[in-house]
Amino acid sequence: MSLPQLLKEVQACRICAASLKLGPRPVLRASTTARLLIVGQAPGSKVHASGVPWDDKSGTRLRQWAGLSDAEFYDAAKVAILPMGFCYPGAGASGDNPPRPECAPHWHARLSEYLPQPRLTLLVGQYAQRYYLGTARQASLTETVKAFAQYRPAFFPLPHPSWRSTLWMRSNPWFERDVVPALREAVRSLL
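Anyway, here's the lowdown on the structure attached to this text. (Residues numbered from 1 in each chain as written. Predicted model: local features only at pLDDT ≥ 70, side-chain atom pairs only at ≥ 80, totals over all residues. Heavy atoms only, no water.)

## As for helix α5 (residues 103–112)
Thinking step 1. Where α5 is concerned, the buried positions are Cys103, Ala104, Trp107, His108, Leu111 and Ser112. In a view along the axis of α5, the buried residues occupy a sector of 120 degrees, so they form one face of it. Summarising the geometry of α5, the exposed residues directed more than 90 degrees from the buried face are Pro105 and Ala109.
Thinking step 2. Looking at the buried residues of α5, the elements they touch are α1 (3–11), β1 (36–39) and α6 (126–133). (Buried < 20%, exposed > 50% of the residue type's maximum accessible area, 1.4 Å probe, protein only. Helix = DSSP H or I, 4+ residues; strand = E, 2+ residues; numbered from the N terminus. Arc of directions from axis to C-beta. Contact = heavy atoms within 4.5 Å.)

## Notes on the environment of Ser112
Thinking step 1. Mapping Ser112 onto the fold places it in helix α5.
Thinking step 2. Residue class for Ser112 comes out buried when judged on its relative accessible area of 15%.
Thinking step 3. Not counting residues up to four positions away in its chain, the partners in contact with Ser112 are Leu82, Arg119 and Tyr132.

## As for empty space enclosed by the protein
Thinking step 1. For the structure shown, the criterion picks out one cavity of 30 Å³ or more.
Thinking step 2. Put simply, the largest cavity is a space of about 120 Å³.
Thinking step 3. Lining the largest cavity are 15 residues, and of these Cys13, Cys16, Phe86, Cys87 and Cys103 lie nearest its centre.
Thinking step 4. Residue composition of the lining of the largest cavity, by class: twelve nonpolar, one polar and two charged. (1 Å grid on protein atoms, 1.4 Å probe; cavity = no way out; pocket = protein on both sides within 12 Å on 5 of 7 lines; lining within 4 Å. Points joined across faces, edges and corners; volume = space filled by probe spheres on them. Nonpolar A, V, L, I, M, F, W, Y, C, P; charged D, E, K, R; others polar.)

## With respect to the sheet that holds strand β6 (residues 155–158)
Thinking step 1. One open sheet holds the four strands; their spatial order is β2-β1-β5-β6, and the pairing between them is parallel. Single-partner strands in this sheet number two, and they are β2 (79–81) and β6. Each neighbouring strand pair of the sheet contributes to a mean axis angle of 20 degrees, computed without reference to strand direction.
Thinking step 2. Relative to β2, β1 is paired through three bridges, and the arrangement is parallel. The residue of β2 that forms the bridge with Leu36 is Val79.
Thinking step 3. The strands touched by α6 are β1, β5 (120–124) and β6; relative to β5, the strand with the most contacts, the crossing angle is about 130 degrees. (Pairing = 2+ DSSP bridges. Axes fitted to C-alpha atoms, helices over the stretch in contact; angles between N-to-C directions.)

## Considering the packing of helix α3 (residues 57–66) against helix α9 (residues 174–190)
Thinking step 1. Put simply, α3 and α9 touch, their axes get as near as 7 Å, and they point 80 degrees apart. Of the possible angle classes, the one that applies to α3 and α9 is roughly perpendicular. From α3, Gln64, Trp65 and Ala66 reach across to α9, where they touch Phe175, Val180, Leu183, Arg184 and Val187.
Thinking step 2. Classifying every residue of the contact of α3 with α9 gives six nonpolar, one polar and one charged. (Parallel < 35°, antiparallel > 145°, perpendicular 65-115°, else oblique.)

## Examining the pairing of β5
Thinking step 1. By the criterion of burial, β5 is predominantly enclosed, with five of the five residues buried.
Thinking step 2. Of the two faces of β5, the one lined by Leu120, Leu122 and Val124 and the one lined by Thr121 and Leu123 are each fully buried.
Thinking step 3. Pairing analysis gives four bridges linking β1 to β5, with the strands arranged parallel. Bridge assignment links Ile38 to a residue of β5, and that residue is Leu122.
Thinking step 4. With four bridges connecting them, β5 and β6 associate as parallel partners. Bridging across to β6, Thr121 finds its partner in Phe155.

Right, here's the structure in full:
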């Protein structure tokens, strides 16, 4: 199977359709040349509506952290985007629901086979870090992000860039001082 065929299969996925109030609409990007992979949580309602990954304020902040223009970020030849859940999981009591658990185990390994090596994978948020780092992650997201250098060159853990990270960044000034410059350097050296 080719990557375009596999992507068509993903777009037709209905594994968790019964659990998605707004229905399935997988939002992802992948190419055989993309050496930067971004693994986040799941699309929000705005991204579900537009079909464009990270097409929201969180995406704006993520692009700023990585030092990428919109054109660079959305160049599928350079940047692949595979959230832990490809579809909007719906709203919960305190924000969006977690990504559906069926998605990553079913699709990520198959899609990753088509991505080039070496590559850098940005692990955005706790769900991506838990899945990809497993027992190698630290006791908390904060400690995992603080220990970013130990996961390089393959992985770069980050907090989720939602509005909630504003308070987190105020409490952790080392993130903008130490992590963001290292992230930008890693991304620039790759692209």
